[in-house]
Amino acid sequence: MTEKILENFSIAQICESGQCFRMEEIQDGRYQVIAGDRYLELEQQGNRVRFDCTEVEYRDFWRHYFDIETDYGAVMAQINPNDTYLTAAAQLAWGVRILNQDLWEMIVTFLISQQNNIVRIRRCIKNICETYGTAKTASNGVCYYAFPTAQALAGLEEDALMACNLGYRSKYVVRAAKAVSSGEVDLAWISSLNYQKARAELLKLFGVGEKVADCICLFALHHLDAFPVDTHIRQVMEQHYKRGFPNRRYKGIRGIMQQYIFYYELHGSEK
DNA sequence: ATGCAGGCATTCA
DNA sequence: TGAATGCCTGCA
């Protein structure tokens, strides 16, 4: 058990922010996270967060995974108080953080996410993990499936994942797996690139367009300037930022603003 | 029952 | 270059 006092951290909000599809509430206030082949359970009361892992596991992995080293209070302090929309969005999404997730996992996840709804995205990912991921047992005895490696998917026929309900996205995922597995695409190298270059490399993957590339850049590579524009964000831009989003002001943290807006659109009651 | 859900590739002007 | 169109599937 590792307990921390954390500001601007809400596991419930992170779970519902739509950047991770393998995080869920398993009991009242108790959450489960599967990241790559790791498993974690955690609980929160106010700003006290209890991680069910050793101090070493927290320091070596989960601390970075939850982006604890970034000061989100300082980020929110940069929001223009005259921007009532963004202020309200950040106020509601006060505990959202940009996770540091696995690159391969995010490529697959956001290939699946396109033209899709959240319920089915979760189901698709569950299906491929249970079919092609390694079964594991957590330290508390819970069984779970690791995210399938690129190698595990690289030998499939292009339409094999339609059995996992991916639909036309099946060939996108299988082709990506082949590219990564063969070394044609070097994930470690992409990880070393800056935002613009990493984005350009990701766009070369079949099925990866600008929106998906930006999600991968933001949620795996932690390029906080990435600003994924989907249908929701596009509507917000047309409604609230007719003269364009203030990119200059939020340079370097645009992705965090995007998450506040996205969360607000998903969970804000008014509108 | 059409339209759409956190798009993208392809085609055609 | 930019605008239209089909695509797996499920849900309202």
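Thresholds, definitions, all that
Residues numbered from 1 in each chain as written. Chains lettered and ligands numbered in written order. Predicted model: local features only at pLDDT ≥ 70, side-chain atom pairs only at ≥ 80, totals over all residues. Heavy atoms only, no water. UniProt positions renumbered as here; feature names shortened; annotations may be inferred. Near = heavy atom within 4 Å. Polar contact = N/O pair within 3.5 Å; in protein donor to acceptor, adjacent residues only side chain to side chain. Nonpolar A, V, L, I, M, F, W, Y, C, P; charged D, E, K, R; others polar. Helix = DSSP H or I, 4+ residues; strand = E, 2+ residues; numbered from the N terminus.

- In the nomenclature of an unreviewed UniProt entry, chain A corresponds to DNA-(apurinic or apyrimidinic site) lyase from the organism Coprococcus intestinihominis.
- Quoted straight from UniProt, the Catalytic activity (unreviewed entry) entry for chain A says "2'-deoxyribonucleotide-(2'-deoxyribose 5'-phosphate)-2'-deoxyribonucleotide-DNA = a 3'-end 2'-deoxyribonucleotide-(2,3-dehydro-2,3-deoxyribose 5'-phosphate)-DNA + a 5'-end 5'-phospho-2'-deoxyribonucleoside-DNA + H(+)".
- The record held by UniProt for chain A lists under Sequence similarities (unreviewed entry) the comment "Belongs to the type-1 OGG1 family."

### Comments concerning the protein's contact with DNA strand C
No. 1: Near DNA strand C you find Q115, R120, R123, M162, N165, G167, Y168 and R169, and these make up its full shell.
No. 2: Protein-proximal atoms of DNA strand C, defined as those within 4 Å of the protein, fall in sugar or phosphate at a share of 58%.
No. 3: Contacts to DNA strand C include Y168, whose backbone N or O atom sits 3.0 Å from a sugar or linking oxygen.
No. 4: A distance of 3.0 Å separates a base oxygen of DNA strand C from a polar atom in the side chain of R169.
No. 5: Across the surface near DNA strand C, the residue classes tally to 2 nonpolar, 3 polar and 3 charged.

### Some points on the UniProt feature "domain: HhH-GPD" (unreviewed entry) in chain A
No. 1: On the UniProt side, "domain: HhH-GPD" (unreviewed entry) is annotated at positions that read residues 112-266 here.
No. 2: The span residues 112-266 carries 53% helix and 4% strand; its end-to-end C-alpha distance comes to 19 Å.

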